[in-house]
Amino acid sequence: MSRIGKLPVEFAADISVSTNGNVITFAKGKNSVDLDTKGNVDFSLEGNILTFATKSQEKAHRAFWGTYRALAQNIVVGLTTGYTKQLEINGVGYRAAVQGRVLNLQLGHSHDINYDLPEGLEAVVEKNVITLKSHDKQTLGQVAAEIRSFRPPEPYKGKGVKYMEEHIVRKAGKTAKK
């Protein structure tokens, strides 16, 4: 039995929640996010509380119960406080700059990498740290992973793009012959 699915999703009064069939729409200011349950769970909206229930006792429906509750909670947290990820660039000559909606990366390739930032996501670069902010947790994680994939950190010197909280396990280099 899902312990996550049992918990209600509470949201502030400034977030408007509406339902249309199997779609739940969360809106705050200019940001609006839809959660399509595809008919896998039942939900009810009473005031500022959204609760989820299983359609049946099938294994798939029970799994979707906790999943959709967690997705709804992530949307509410994203609209109230937002999400942030930080990437650190290590390496001689490795740089990043933001020009409008484009993140320009110089990561030791023969060319610059121009990454178009999606709507709803903003990037700030300070020295060698890229800070990404968004109200959508999934998009934020996807963009951070794509930026990291341009030059993942290597284990000998640690050069590359890594998450701030990531720890790179270092390897010993070649040893001199005695």
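Use the structure listed above.
Attention here is on the structure that accompanies the text.

Criteria and cut-off values
Residues numbered from 1 in each chain as written. Predicted model: local features only at pLDDT ≥ 70, side-chain atom pairs only at ≥ 80, totals over all residues. Heavy atoms only, no water. Helix = DSSP H or I, 4+ residues; strand = E, 2+ residues; numbered from the N terminus. Buried < 20%, exposed > 50% of the residue type's maximum accessible area, 1.4 Å probe, protein only. Contact = heavy atoms within 4.5 Å. Areas by Shrake-Rupley, 256 points an atom, 1.4 Å probe, with all protein chains shown as cover. Lys, Arg positive; Asp, Glu negative; His and termini not counted. Charge placed at Lys NZ, Arg CZ, Asp CG, Glu CD. Pairing = 2+ DSSP bridges. Axes fitted to C-alpha atoms, helices over the stretch in contact; angles between N-to-C directions. Phe/Tyr/Trp six-rings, centres within 6.5 Å; stacked < 30°, edge-to-face > 60°. Lys NZ or Arg CZ within 6 Å of the ring centre and 35° of its normal.

Re the overall build of the chain
So, step 1. Tallying secondary structure elements over the chain gives three helices and 13 strands in all.
So, step 2. With the C-alpha coordinates aligned to their principal axes, the bounding extent of the chain is approximately 70 × 45 × 25 Å.
So, step 3. Counting across all 178 residues of the chain, residues that qualify as buried make up 34%.
So, step 4. Intrachain contacts of the chain at a sequence separation of at least 6 include 48% that bridge at least 24 residues.
So, step 5. Total accessible area computed for the chain in this model is approximately 10,900 Å², and 50% of it derives from carbon and sulfur atoms.
So, step 6. Within the chain, the 18 negative side-chain charges are centred at a point lying 13 Å from the centre of the 25 positive side-chain charges.

Looking at unusual backbone geometry
So, step 1. In this model, Lys38 sits at a positive phi of 55 degrees, which is unusual for a non-glycine residue.
So, step 2. Position of Lys38 among the secondary structure elements: in the loop between strand S4 (31-36) and strand S5 (41-46).
So, step 3. Residue classification places Lys38 among the exposed residues on the basis of a relative accessible area of 58%.
So, step 4. For Lys127, which is not glycine, the phi torsion reads 55 degrees and is therefore positive.
So, step 5. By the element assignment, Lys127 lies in the loop between strand S11 (121-126) and strand S12 (129-134).
So, step 6. What makes Lys127 exposed here is its relative accessible area of 83%.

Considering the sheet that holds S4
So, step 1. The antiparallel open sheet is built from three strands, whose spatial order is S2-S3-S4. In this open sheet, the two edge strands, each paired with only one partner strand, are strand S2 (16-20) and S4. Across this sheet, the average inter-strand angle for adjacent strands is 20 degrees, counted without regard to direction.
So, step 2. The pairing of S2 with strand S3 (residues 23-28) spans five bridges and is antiparallel. The residue bridging Ser18 from the neighbouring strand is Thr25, located in S3.
So, step 3. Relative to the sheet, helix H2 (residues 59-80) contacts S3 and S4, its axis offset from that of S4 by approximately 180 degrees.

Focus: the packing of aromatic side chains
So, step 1. Under the criterion given, the structure shown has three aromatic pairs.
So, step 2. With a centroid separation of 5.9 Å and 65 degrees between ring planes, the pair formed by Tyr115 and Phe150 is classed as edge-to-face. Of the two residues, Tyr115 sits in strand S10 (residues 113-116) while Phe150 sits in the loop between helix H3 (137-149) and strand S13 (160-163), which places them 35 residues apart along the sequence.
So, step 3. Owing to a relative accessible area of 11%, Tyr115 belongs among the buried residues under this scheme.
So, step 4. The exposure class of Phe150 is partly exposed, given its relative accessible area of 27%.
So, step 5. Residue placement shows Lys85 over the ring face of Tyr163; its charged tip is 5.3 Å from the ring centre.

Some points on the side chain of Glu88
So, step 1. Structurally, Glu88 can be placed in strand S7 (residues 83-90).
So, step 2. Judged by its relative accessible area of 18%, Glu88 falls in the buried class.
So, step 3. With residues up to four places along the chain from it excluded, the contact list for Glu88 reads Asn128, Gly160, Val161, Lys162 and Met164.

Description of the pairing of strand S8 (residues 95-99)
For a regular strand, the rule is simple: side chains alternate between the two faces of the sheet.
So, step 1. Strand direction decides the pairing type here: S8 and strand S9 (residues 102-106), joined by five bridges, are antiparallel. Along S9, the bridge assignment pairs Ala97 with Asn104.
So, step 2. Taken together, S8 and the strand that follows it, S9, pair antiparallel across an intervening segment of two residues, in which Gly100 is found at a positive phi of about 70 degrees.

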